Amino acid sequence: MSIVYYPGCSAAGTSSDYEKSTQAVCDALGMSFTPLPDWNCCGSTPAHATSTELSAALSVRNLDIAAKMGAEKVATPCPSCLSNLRLAKKRMEKPEFRARVDELLDEASSAELPQTYSVMQLIYEKYGSEFVAHRVQRPLKGLKVACYYGCLMSRPADIMADFGHPENPQVMESLLRACGAEVVEFPLKTECCGASHGIPERQLTANLSGKILETAQNMGIDALVAACPLCQMNLDLRQKQAGKAMGKEFALPVFYYTQMMGMAFGIKLSALGLNKLVVSPEPVLKKWQAALKEGVCE
Amino acid sequence: MDAINLSHKDAAFTRAVATRSGQSVTACYQCGNCTAGCPAGFTYDMPVSQIMRGVQLGLKDQVLNAKSLWMCLSCSTCTLRCPNDIDVAGIMETLRHMAREQGQVSVPKVNKFWMSFLDTVRIFGRSYEIGVMALYMMRSLRVFTDVDLAPDALSKQKLGLMPHVTPNGGAEAVGRIMQRFKERADREGGAA
Ligand code: SF4
Ligand code: SF4
């Protein structure tokens, strides 16, 4: 029992494709997780915007269950959950803060709470590019992609120092290169997409996502690759709104990095949830399949 | 932004922000780096560096009434780029907490959306999209502003139609956390 898995709320709704493909890729690599039973929402932005102590209490309830299961680490695919769970653990180091949070919980939390990691970081640290490359059966040949992390995967910098440079992380690039894709350096890789303001302040989100899509599309890439459920939704489901805000037409498929890795591992496309992408991934799949065929004939 | 009115200086406010955020607000020398990198800045009535200046000067009302507090995306770019290692995003967060406690929420719809989200968490232990939307529409008396997304969202099953209830008493445990939080906030005189 060492790594406990925290899926986060999006996994059951907007990003069930991320969840599916994450599980498929981890299975293929042999990475096993113990599910966290009875997990609850980390409270996301609404909780921390209300109170740091409330936000921490919601996160700590999860970390505490994991601690009692003997977990060494907690894994989550969602950068927003990651950030909340990590911040909570860090803040709990202060005794006065801990006392205030424990007061909100049914019982005082465990003295030692496990650290949380993104699934991406765990894959990278445990297996590395070489092992991943070794596992590839259908390389992502002919595909030119850019990686987009969003603002929370590598930040706040003081709690995410182990992930790499806060504005120029390289983990996703390494993984996708190992899968055979041509990865271009994306200058906006850690810019904010407009996050959860999409509903109450749609124009703000449409503008920020629009800038990201415009830059990406101008780079002549086949697809943008994301790692955050909220970013993916803003860039994919809201791509038309973003286009309107910029006075442009976008047609840029936005994959999850786990969907791309799964394709390279030869996992059945239906097991990767590609049917949930709003902007059709067909052109990308066709290009890839054509390149693979060419390779066979060579 | 209007001219800064120095007649309302409130030193206690400056101290309160410093204590609650754990940041040294006096370290800011107004270089403007935070403002330059702020992605939401184009929607702000008071740029983030001016908010920092306002905090230093004790301009309590002006700062707590700024719309900027509610348009901030918590992306922490400002924190990252501050040459004086001030957690600027943390200060923005503290200011949101203080503004809410004083009942000064100058962009109510953002706050209503957040409260709707927290309601689903309180009831179910987890958030779910349709529930958040329904509650938000009731609160803001707005018809779903994203109707243009509905065909894609529904055909791709992007929205959880059923609440994801935390099993085994988890939802109730979360409800108790929220209840204790609310009671304590009431007791201590802040609005939850
Ligand atoms: S955290 Fe808020 S104030 Fe700071 S850069 Fe991001 S949006 Fe701007
Ligand atoms: S970056 Fe730091 S020092 Fe510069 S204006 Fe912003 S808070 Fe002040």
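Residues numbered from 1 in each chain as written. Chains lettered and ligands numbered in written order. Predicted model: local features only at pLDDT ≥ 70, side-chain atom pairs only at ≥ 80, totals over all residues. Heavy atoms only, no water.

1. Here we look at the overall build of chain A
Our working definition: Runs of E in the DSSP output that reach at least two residues are strands. Runs of H or I that reach at least four are helices, and both are numbered from the N terminus. Atoms counted for the radius of gyration: C-alpha only. Globule rule: 2.2 Å times residue count to the power 0.38. Buried, partly exposed and exposed residues are distinguished by accessible area as a fraction of the type maximum, computed with a 1.4 Å probe on protein chains only: under 20%, between the cut-offs, and over 50%, respectively. For this analysis, residues touch if any pair of their heavy atoms sits within 4.5 Å. Residue exposure ignores everything except the shown protein chains as possible cover, and the areas themselves are Shrake-Rupley values with a 1.4 Å probe. Residues scored as positive are Lys and Arg, those scored as negative are Asp and Glu, and His as well as the terminal groups of each chain are ignored. By convention, the point assigned to a charge is CZ for Arg, NZ for Lys, CD for Glu and CG for Asp.
Along the backbone of chain A there are twelve helices and eight strands. For 298 residues, the compact-globule estimate of 2.2 N^0.38 gives 19 Å, and the C-alpha radius of gyration of chain A, at 19 Å, lies within 12% of that figure. Considered along the principal axes of its C-alpha atoms, chain A spans approximately 65 × 45 × 30 Å. With 298 residues in all, chain A has 65% of them scored as buried. Counting contacts in chain A only where the partners sit at least 6 residues apart, residues at least 24 apart contribute 79% of the total. A total accessible area of about 10,600 Å² is found for chain A, and carbon and sulfur atoms account for 53% of it. In chain A, the 30 positive side-chain charges and the 31 negative ones have mean positions that sit 6 Å from each other.

2. Brief notes about the packing of helix α6 (residues 119-135) of chain A against helix α7 (residues 171-178) of chain A
All names here are of chain A. The condition is simple: Axis lines are fitted to C-alpha atoms, over the contacting stretch for helices. Their N-to-C directions set the angle, which ranges from 0 to 180 degrees. Crossing chirality is assigned from the near helix's rotation relative to the far helix, an anticlockwise turn below a right angle marking it left-handed and a clockwise turn marking it right-handed. Amino acids outside the nonpolar list (Ala, Val, Leu, Ile, Met, Phe, Trp, Tyr, Cys, Pro) and the charged list (Asp, Glu, Lys, Arg) are all regarded as polar, and Gly is one of them.
Between α6 and α7, the shortest axis-to-axis distance is 9 Å and the interhelical angle comes to 30 degrees. Note that α6 runs across α7; the crossing there is left-handed. Here M120, I123, Y124, S129, V132 and A133 of α6 lie close against α7, whose contacting residues are V171, M172, S174, L175 and A178. Of the residues contributing to the contact of α6 with α7, the split by class is nine nonpolar, two polar and no charged.

3. As for the pairing of strand β3 (residues 73-76) of chain A
Residues and elements named next belong to chain A. This is how the line gets drawn: Any two strands are treated as partners once DSSP identifies two or more bridges connecting them.
Bridging between strand β1 (residues 3-5) and β3 involves three bridges; their strand directions are parallel. Within β3, the position partnered with Y5 by the bridge is A75. Where β3 and strand β4 (residues 115-118) come together, four bridges link them in parallel fashion. Within β4, the residue paired with T76 across the bridge is S118.

4. Some thoughts on the environment of A:R86
Along the chain, the position of A:R86 falls in helix α4 (residues 79-91). Along the primary structure A:R86 and A:T116 are separated by 30 residues, whereas in three dimensions their C-alpha atoms are 6.0 Å apart.

5. Considerations on unusual backbone geometry
All names here are of chain A. Residue P156 follows R155 across a cis peptide bond; omega there is -5 degrees. Structurally, P156 can be placed in the loop between β5 (144-148) and α7. In this structure, S44 is a non-glycine residue whose phi angle is positive, near 45 degrees. Mapping S44 onto the fold places it in helix α2 (residues 44-50).

6. Overview of the site of ligand 1
For clarity, the threshold we go by: Being near a molecule or strand, for a residue, means having at least one of its heavy atoms within 4 Å of it.
Taken together, the residues surrounding ligand 1 are B:C38, B:P39, B:Y44, B:V48, B:C72, B:L73, B:S74, B:C75, B:S76, B:T77, B:C78 and B:A89. Residues that form the shell around ligand 1 fall into these classes: nine nonpolar, three polar and no charged.

7. As for the interface of chain B and chain A
What counts, and what does not: Simply put, the buried area is the total loss of 1.4 Å probe accessible area from both parts when two parts are fitted together. When a carboxyl oxygen of Asp or Glu lies within 4 Å of a side-chain nitrogen of Lys or Arg, that pair is called a salt bridge. Here a polar contact is taken to be a pair of N or O atoms separated by no more than 3.5 Å, where protein atoms must pair a possible hydrogen donor with a possible acceptor and residues adjacent in sequence count only if both atoms sit in side chains.
Across the contact, 60 residues belong to chain B and 59 residues belong to chain A. A combined buried area of about 5,200 Å² lies between chain B and chain A, and 59% of that area is made up of carbon and sulfur atoms. On the surface where chain B and chain A come into contact, there are eight salt bridges. For the interface between chain B and chain A, the tally reads 20 residue pairs in polar contact (both at pLDDT 80 or more). Elements supplying a minimum of two residues to the side of chain B that touches chain A: α5 (68-71), α6 (77-81), α7 (88-101), α8 (108-124), α9 (129-140), α10 (150-155) and α11 (170-188) of chain B. By residue number, the principal contributor to the side of chain B that touches chain A is α11(B), which donates eleven residues.

8. Remarks on the site of ligand 2
Residues and elements named next belong to chain B. Taken together, 13 residues lie around ligand 2, and C28, C31, G32, C34 and C82 are the ones closest in. Sorting the residues of the shell around ligand 2 by element identifies α2 (33-37) and α3 (48-57) as the ones contributing at least two each. The class makeup of the residues in the shell around ligand 2 is eight nonpolar, five polar and no charged.

9. As for the environment of A:Y117
Residue and element names in this part refer to chain A. By the element assignment, Y117 lies in strand β4. Look at Y117 and you get buried, because its relative accessible area is 16%. Discounting chain neighbours no more than four positions away, the residues touching Y117 are K73, V74, A75, T76, L82, R86, L122 and D162.

10. What to know about the packing of α7(A) against helix α11 (residues 257-264) of chain A
The relative placement of two packed helices is expressed as an angle between their axes plus a distance between the axes. Residue and element names in this part refer to chain A. We count it as follows: What sets the label is the angle itself: under 35 degrees gives roughly parallel, over 145 gives roughly antiparallel, 65 to 115 gives roughly perpendicular, and the rest give oblique.
Running from N to C, α7 and α11 cross one another at 20 degrees; their axes reach a closest spacing of 10 Å. As judged from the angle between their axes, α7 and α11 are roughly parallel. Considering how the two elements wind past one another, α7 and α11 form a crossing that is left-handed. Of α11, the residues touching α7 (which contributes M172, L175 and L176) are Y257, M260 and M261. Per-class residue counts for the contact of α7 with α11 are six nonpolar, no polar and no charged.

11. Brief notes about the pattern of salt bridges
Under the defined criterion, the tally for this structure stands at 22 salt bridges over all chains. Two residues, A:E191 and B:R81, come together in a salt bridge whose shortest N-O distance is 4.0 Å. Of this pair, A:E191 sits in the loop between β6 (182-184) and α8 (202-218) while B:R81 sits in helix α6, on two different chains. With its nearest N and O atoms 3.0 Å apart, the salt bridge here joins B:K182 to B:D186. You can see B:K182 and its partner B:D186 sitting in helix α11, four residues apart, about one turn around the helix. Classification of B:K182 by relative accessible area gives partly exposed; the value is 41%. What makes B:D186 partly exposed here is its relative accessible area of 45%. If you follow the salt bridges from partner to partner, you end up with A:E53, A:R100, A:E103, B:R184 and B:E188 in one network.

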